[in-house]
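A closer look at the structure
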Amino acid sequence: MIDPVNGFSKFSKNEKISWISKTYLRNNPEAENILKQYWNSNEELQQLHDEFTENTISNFYLPFGIAPNFLINGKLYALPMTIEESSVIAAASKAAKFWLSRGGFKAEILNTEKIGQVHFLFSGNEETLHKFFNSVKPVLIEAIFPLEHNMKKRGGGLVSLELRNKTNLLENYYQLHASFETVDSMGANFINSCLETFAEVFKSEAKLFAEFSETEKDIQIIMSILSNLVPNCLVRAEVSCPVDDLCDVNDHISSSDFANKFLTAIKIAEVEPHRAVTHNKGIMNGIDAVVLATGNDFRAIEAGVHAYASKEGKYSSLSHASVEDGIFRFWMEIPLALGTVGGLTSLHPLVKLALELLQKPSAKDLMQIVAVAGLAQNFAAVKSLITTGIQEGHMKMHLTNILNQLNASPSEKSSIIEFFRNEKVTHGAVVKHLENLRS
């Protein structure tokens with residue numbers, strides 16, 4: 001039986017590794033070597049990484065790749081993508097190149113509103129609560145002035161503050177519902193600080209409100225927190241071209257047949273949740289890779305995006321397509337709360353490099369770039385599905401991973417990659433060919 005550990009956070013990095021090895025890894029020396037071989041030889045850089053989070057014992061590396069040739073609103077970009085999955089960057093690059101000669105991607109910001117809420121319980125008269133809110137609202141706004149000062153200089157700050165009755169969902173449940181503009185920062189810390197100030201002032205002022213009974217004065221604050229559901233922080237990305245210009249999508253299908261199959265595939269994702277989840281996962285392959293490379297919170301993005309995909313009461317496709325008057329259109333509207341200042345953006349060397357590579361975008365610019373990455377990835381995936389099938393291209397890209405798993409030598413890799421250049425790749429076929437090669 002394993003005993004609990006006390007004071008683990010105070011252990012040195014070596015002590016943490018030693019305890020883990022002894023307690024869980026049977027003192028396996030190879031485990032310790034694996035952890036330490038990923039330490040950065042630059043001590044200053046390693047310390048920076050150690051301080052990003054808690055109880056750090058090593059670094060976990062992911063590939064940092066580039067998808068070139070993205071023409072977005074007339075400007076050419078090379079997109080940094082951090083992802084471990086085979087074929088994602090290749091597919092995005094292929095889609096970018098396809099649309100490069102067809103006018104590129106168009107993107108626009110629809111809104112940038114972010115949301116925060118103070119959740120509280122109130123068991124008194126609702127009309128009196130509204131009177132109190134109306135009287136205290138200016139006090140609440142004034143209370144966050146020191147927090148807003150720098151944000152207002154950049155054009156941001158509190159946009160609106162309202163009282164919402166949620167007692168139909170939960171007994172005595174109300175909210176202070178606030179919307180914010182955070183300009184180029186994602187704004188989580190700013191929003192949460194404002195909300196906690198609202199809560200403190202709201203509760204203390206309630207005790208002084210003459211029209212409240214003694215019971216009503218005891219407002220119970222439950223929590224104050226921003227929301228990652230940002231349906232009004234929206235960006236739209238789109239591509240379009242004449243149907244006839246789709247002719248080189250695949251040698252074995254006509255432009256009109258491709259367009260019809262593509263539209264049907266999108267409609268299936270719109271009406272069938274089992275398909276929609278995988279369809280949207282493909283979109284997130286592109287989005288998450290750029291979000292991660294630019295030091296943003298991909299978990300928050302995922303949560304908000306998938307909630308948005310269910311906004312009509314049923315999980316559905318994020319992307320849509322149409323053909324009207326001979327014009328093929330493919331588009332997506334998606335919520336993305338992103339930042340280009342704060343967080344890791346000024347700390348992580350590769351994040352700083354990624355933002356420089358993107359020509360130092362504003363948060364709005366980055367929203368458009370990220371949305372385009374998702375749309376490109378989705379176009380590439382659906383194109384493969386309705387033509388050659390998803391596995392042909394994916395397995396070609398996955399071949400190197402298979403060979404690494406089989407401990408193939410450099411010469412064996414070279415020979416096998418050449419052999420499968422025009423052959424179907426399966427794990428079994430690769431194993432068999434490698435066995436033949438070795439014998």
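Residues numbered from 1 in each chain as written. Predicted model: local features only at pLDDT ≥ 70, side-chain atom pairs only at ≥ 80, totals over all residues. Heavy atoms only, no water.

1. A few points about the overall build of the chain
Where we set the bar: Secondary structure is summarised from DSSP: a helix means a run of H or I of at least four residues, a strand means a run of E of at least two, and numbering begins at the N terminus for each. Per-residue accessibility, obtained with a 1.4 Å probe over protein chains only, is compared with the maximum for each type, and a residue is labelled buried under 20%, exposed over 50%, and partly exposed between these values. In what follows, a contact means two residues having at least one pair of non-hydrogen atoms within 4.5 Å. We get accessible surface area from the Shrake-Rupley algorithm with a probe of 1.4 Å; when it comes to residues, only the shown protein chains can shield them. Lys and Arg are tallied as positive, Asp and Glu as negative. Neither His nor the chain termini are counted. Throughout, a charge is located at the NZ atom of Lys, the CZ atom of Arg, the CG atom of Asp or the CD atom of Glu.
Summing up its helical and strand segments, the chain has 15 helices and ten strands in all. By the burial criterion, 44% of the 439 residues in the chain qualify as buried. Considering only residue pairs separated by 6 or more positions, the chain has 70% of its internal contacts joining residues 24 or more positions apart. When the accessible surface of the chain is totalled, it reaches about 22,900 Å², and 52% of it is carbon and sulfur. Here the chain holds 41 positive side-chain charges and 50 negative ones, and the gap between their average locations is 4 Å.

2. Quick word on helix α9 (residues 273-293)
Definition in use: What a helix is expected to span follows from its residue count: subtract one and scale by 1.5 Å. Note on bend: at a given residue it equals the angle between the axes fitted to the 7 residues ending there and to the 7 starting there. Any pair of N or O atoms that falls within 3.5 Å is considered a polar contact. Within protein, one atom must be able to donate a hydrogen and the other to accept it, and sequence-neighbouring residues count only if both atoms are side-chain atoms.
The terminal C-alpha atoms of α9 lie 29 Å apart, and with 21 residues this matches the ideal 30 Å at 1.5 Å per residue to within 8%. Along α9, the sharpest kink reaches roughly 30°, centred on M284. You can read the cap of α9 off the contacts: a side-chain oxygen lies 2.8 Å from the backbone nitrogen of H274, and it is on E272. Taken from the residues just after α9, G295 is the one with a positive phi, measuring 75°.

3. Concerning the packing of α9 against helix α12 (residues 363-386)
Counted only if it meets this: The convention used is that axes are lines fitted to C-alpha atoms, helices contributing only their stretch in contact, and that angles between N-to-C directions extend from 0 to 180 degrees. Under this scheme an angle from 65 to 115 degrees is roughly perpendicular, one under 35 degrees roughly parallel, and one over 145 degrees roughly antiparallel; angles in between are oblique. The crossing is said to be left-handed when, going from far helix to near helix, the turn is anticlockwise and less than a right angle, and right-handed when the turn is clockwise.
Running from N to C, α9 and α12 cross one another at 135°; their axes reach a closest spacing of 7 Å. When the axis of α9 is compared with that of α12, the two are oblique. For the pair α9 and α12, the sense of crossing is right-handed. For the pair α9 and α12, the contacting residues are R275, H279, G282, I283, N285, G286, I287, V290 and V291 in the first and V370, A373, G374, Q377, N378, V382 and L385 in the second.

4. Here we look at the packing of helix α6 (residues 145-153) against helix α7 (residues 188-206)
Describing two packed helices takes the angle between their axes plus the distance from one axis to the other. Heads up, the rule is: We call Asp, Glu, Lys and Arg charged. Ala, Val, Leu, Ile, Met, Phe, Trp, Tyr, Cys and Pro are nonpolar, and the rest, Gly among them, are polar.
Between α6 and α7, the least distance of the axes is 10 Å, while the angle of their chain directions is 150°. By the angle between their axes, α6 is roughly antiparallel relative to α7. Where α6 crosses over α7, the handedness of that crossing is left-handed. Residues L147, E148 and M151 of α6 lie in contact with α7, whose contacting residues are F190, S193, C194 and T197. Its residues assigned to classes, the contact of α6 with α7 shows four nonpolar, two polar and one charged.

5. Things to note about the sheet that holds strand β8 (residues 234-242)
Applicable threshold: One requirement defines pairing of two strands: DSSP has to find at least two bridges between them.
The sheet built from four strands is open, its strands ordered β3-β8-β10-β9 with antiparallel pairing. Both outer strands of the open sheet, β3 (106-109) and β9 (319-324), are each paired with one neighbouring strand and no more. Across this sheet, the average inter-strand angle for adjacent strands is 20°, counted without regard to direction. Relative to strand β10 (residues 327-335), β9 is paired through six bridges, and the arrangement is antiparallel. Bridge pairing in β10 places S322 opposite R329.

6. Some details on the side chain of E148
Within the element layout of this structure, E148 appears in helix α6. According to the relative accessible area criterion, E148 is buried, its value standing at 3%.

7. Observations concerning the pairing of strand β2 (residues 75-82)
Pairing of strand β1 (residues 64-72) with β2 involves seven bridges; the strand directions are antiparallel. Within β2, the position partnered with L71 by the bridge is L76. Two successive antiparallel strands, β1 and β2, enclose a turn made up of two residues, where N73 displays a positive phi of approximately 50°.

8. What to know about the packing of aromatic side chains
When we look at a pair of aromatic rings, we describe it by the centre distance and by the angle of the planes. Heads up, the condition is: Two aromatic rings from Phe, Tyr or Trp, using only the six-membered ring of Trp, form a pair when their centres are within 6.5 Å; if the ring planes differ by under 30 degrees the pair is stacked, by over 60 it is edge-to-face, and anything between is tilted. Whether a charge sits over a ring comes down to the Lys NZ or Arg CZ being within 6 Å of the ring centre and within 35 degrees of the ring normal.
One pass over the full model with this rule turns up 24 aromatic pairs. Among the aromatic residues, those joined into a ring-pair cluster are F98, W99, F258, F262, F328, F330 and F379. One Lys or Arg, R299, reaches over the ring of F298 and ends 4.9 Å from the middle of that ring. A cation over an aromatic ring shows up here: K311 above the ring of Y308, its NZ or CZ 4.3 Å from the ring centre.

9. Details of unusual backbone geometry
We note that R26 has phi near 55°; this positive angle belongs to a residue other than glycine. You can call R26 exposed: its relative accessible area is 80%. One non-glycine residue, K360, lies in the positive phi region at around 50°. Tracing the sequence through the fold places K360 in the loop between α11 (349-357) and α12. The exposure class assigned to K360 is exposed, which follows from its relative accessible area of 67%.

10. A look at the pairing of β8
Summarising burial for β8: seven of the nine residues are buried, a large majority. In this structure, β8 lies alongside β10, joined through nine bridges in antiparallel fashion. Bridge assignment links S240 to a residue of β10, and that residue is R329.

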